[in-house]
Amino acid sequence: MTDYWAHPTALVEEGARIGADTAIWHHAHIRAGAVVGEGTVIGKNVFVDAAARVGARCKVQNNVSVYSGVVLEDDVFVGPSAVFTNDRFPRAFGPWQRVDTLVRRGASIGANATVRCGIELGELSLVAAGAVVVRDVRPNELVGGNPARTLGWVDVRGEVVDRGPERPPDLPFGGIEEVLP
Ligand SMILES: CC(C)(COP(=O)(O)OP(=O)(O)OC[C@H]1O[C@@H](n2cnc3c(N)ncnc32)[C@H](O)[C@@H]1OP(=O)(O)O)[C@@H](O)C(=O)NCCC(=O)NCCS
């Protein structure tokens, strides 16, 4: 008996931990050891690796692979076909050198963005569609381009409140609880 829903074509390996009220769509694959929080939506063709963690109330859109070493905290949005990495200097031979990535609560990653491993995306930050992120992103910071640079600052609802390089002093931190249904 499970208290989450998975489409019949999804593969949820024994030993994966899935929270209540989570939905797992067509052809998704959740490996043994993976953790997915409650109330999360795992899109079509999403892969969650053995040592990856996805928080509660996240939305992981179609065709995203969440590799081992990637941690998505609660309320994270990952746009369609966004790409995580977990080896900074990859080779097909020799030992795997895993490098972790942390996506803080409430952050959003746009469609088709690439997130290089070893970085932290701050709380409520927003990565533009198609960005290549190679450095830490500050809380509420909006970044885009390749390499991704500061485009401005967004509030808890994702609206751009400033287009300067530094955080506006009147932009509050956090506030997710106030907008949760
Ligand atoms: C980054 C984003 C939030 C900016 O929104 P916005 O401020 O309304 O965008 P605007 O069209 O007013 O553009 C503002 C500036 O940002 C630039 N910009 C907009 N989107 C960009 C992107 N994806 N990458 C790089 N630069 C971008 C524009 O060129 C413009 O620059 P300029 O002032 O030098 O001309 C938005 O374009 C975006 O990428 N959202 C994510 C969409 C997504 O992937 N959703 C996933 C669910 S489907």
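Heads up: the structure comes first, above all this text.
This report concerns the structure included in the present document.

Calculation notes
- Residues numbered from 1 in each chain as written.
- Predicted model: local features only at pLDDT ≥ 70, side-chain atom pairs only at ≥ 80, totals over all residues.
- Heavy atoms only, no water.
- Helix = DSSP H or I, 4+ residues; strand = E, 2+ residues; numbered from the N terminus.
- Buried < 20%, exposed > 50% of the residue type's maximum accessible area, 1.4 Å probe, protein only.
- Near = heavy atom within 4 Å.
- Polar contact = N/O pair within 3.5 Å; in protein donor to acceptor, adjacent residues only side chain to side chain.
- Areas by Shrake-Rupley, 256 points an atom, 1.4 Å probe, with all protein chains shown as cover.
- Nonpolar A, V, L, I, M, F, W, Y, C, P; charged D, E, K, R; others polar.

1. Comments concerning the side chain of Ser125
At step 1: Structurally, Ser125 is set in the loop between β18 (120-121) and β19 (126-127).
At step 2: Since its relative accessible area comes to 2%, Ser125 is described here as buried.

2. A look at unusual backbone geometry
At step 1: The linkage connecting Asn146 with the following residue, Pro147, adopts the cis geometry, with an omega of -5°.
At step 2: Within the element layout of this structure, Pro147 appears in the loop between β21 (141-144) and β22 (149-154).
At step 3: One non-glycine residue with positive phi stands out, namely Asn63, at about 70°.
At step 4: Position of Asn63 among the secondary structure elements: in the loop between β10 (59-60) and β11 (65-66).

3. Some details on the site of the ligand
At step 1: The environment of the ligand is made up of Phe77, Gly110, Ala111, Ala128, Ala129, Leu142, Gly145, Leu151, Val160 and Arg163.
At step 2: The contact in question runs from a nitrogen atom of the ligand to an N or O atom on the backbone of Ala129, over 2.9 Å.
At step 3: At 2.9 Å, a side-chain N or O of Arg163 approaches an oxygen atom of the ligand.
At step 4: Here the ligand loses 40% of its free accessible area of 910 Å² to cover by the protein chains.
At step 5: Of the residues that constitute the shell around the ligand, the class distribution is seven nonpolar, two polar and one charged.

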